[in-house]
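Listed below, chain by chain, are the residues.
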Amino acid sequence: MPLHGVRQIERNPYTSVHHDSAQQLVVLTRSSLQYPSIEVLEQNFDRIEQVIALISKHRSVLLVDARDAPLRNDDRFEGAFAQRHARLMQGFKKTAVILKSAIGVLQVGRLSKGYVRPVATFTRPEEALLHLGVHIDLKQLSNP
């Protein structure tokens, strides 16, 4: 079944970004590939921000599917990630992050304490979609 209204707007080894203009939905899917350096992490976030800048964030919702993202908790990485993640999420009408485990939920909760708006985290995709008020088959979105 083809994806109606959903189009891929970015794809690299770490992330794919899809946009569904009908639902005002941005889906960011993180791959299992570990960032080799903070610089690569920052370059990836720069690219994602450039692509998303073309979308009206204040009218859109953001779904981050981070179930495949590798867990990493060294302080330097966490600091850089939290800063860039907060900037990326800022301005969306609503956001949701899908994580594989309770450990991931705790980590994102800890990292997002200082965010302007709280990050809604879920381990069940259907709950994240319900939270955002959208309908999409995440299995159809190819992983990077």
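Before reading on, note that the structure itself is shown above.
Residues numbered from 1 in each chain as written. Predicted model: local features only at pLDDT ≥ 70, side-chain atom pairs only at ≥ 80, totals over all residues. Heavy atoms only, no water.

Moving on, we get to the packing of helix 2 (residues 75–89) against helix 3 (residues 102–111). One can describe the packing of helix 2 onto helix 3 by two numbers: an axis separation of 10 Å at closest approach and a directional angle of 70°. It follows from the interaxial angle that helix 2 and helix 3 lie roughly perpendicular. Here helix 2 contributes Glu78, Phe81 and Ala82 to the contact with helix 3, which in turn contributes Gln107, Arg110 and Leu111. Looking at side-chain class alone, the contact of helix 2 with helix 3 contains 3 nonpolar, 1 polar and 2 charged residues. (Axes fitted to C-alpha atoms, helices over the stretch in contact; angles between N-to-C directions. Helix = DSSP H or I, 4+ residues; strand = E, 2+ residues; numbered from the N terminus. Parallel < 35°, antiparallel > 145°, perpendicular 65-115°, else oblique. Contact = heavy atoms within 4.5 Å. Nonpolar A, V, L, I, M, F, W, Y, C, P; charged D, E, K, R; others polar.)

With respect to the helices and strands, the residue threonine 15 is situated in strand 2 (residues 15–20). Residue classification places threonine 15 among the buried residues on the basis of a relative accessible area of 0%. Side chain to side chain, threonine 15 and asparagine 44 meet in a polar contact 2.8 Å long. (Buried < 20%, exposed > 50% of the residue type's maximum accessible area, 1.4 Å probe, protein only. Polar contact = N/O pair within 3.5 Å; in protein donor to acceptor, adjacent residues only side chain to side chain.)

Right, let's get into the pairing of strand 4 (residues 61–65). By the criterion of burial, strand 4 is predominantly enclosed, with 5 of the 5 residues buried. Where strand 3 (residues 25–30) lies against strand 4, 5 bridges are found, and the strand directions are parallel. Bridge assignment links leucine 28 to a residue of strand 4, and that residue is valine 64. Two strands pair when backbone bridges link them, and strand 4 and strand 5 (residues 94–98) are joined in this way by 5 bridges, in the parallel orientation. (Pairing = 2+ DSSP bridges.)

Attention now moves to the pairing of strand 5. Here is the key point about a regular strand: its side chains alternate between the two faces of the sheet. In terms of residue burial, strand 5 counts as a mostly covered element, since 4 of its 5 residues are buried. Regarding the hand of the β-α-β motif, the stretch spanning strand 4, helix 2 and strand 5 is right-handed. Where strand 5 and strand 6 (residues 120–122) come together, 3 bridges link them in parallel fashion. Bridging from a neighbouring strand, valine 97 pairs with threonine 121 of strand 6. (Right-handed = clockwise from strand over helix to strand, strands pointing away.)

All right, on to the packing of aromatic side chains then. Using the criterion set out here, one finds 4 aromatic pairs in the structure. Consider the rings of phenylalanine 77 and phenylalanine 81, whose centres lie 6.0 Å apart with planes at 20°: the pair is stacked. Pair noted here: phenylalanine 77 and phenylalanine 81 are both in helix 2, with a separation of 4 residues, about one helical turn. In this pair, the class of phenylalanine 77 matches that of phenylalanine 81, namely buried. Aromatic ring contacts, followed pair by pair, group Tyr14, Tyr35, Phe45, Phe77 and Phe81 into a single cluster. The side chain of arginine 30 reaches across the aromatic face of tyrosine 35, ending 4.2 Å from its centre. (Phe/Tyr/Trp six-rings, centres within 6.5 Å; stacked < 30°, edge-to-face > 60°. Lys NZ or Arg CZ within 6 Å of the ring centre and 35° of its normal.)

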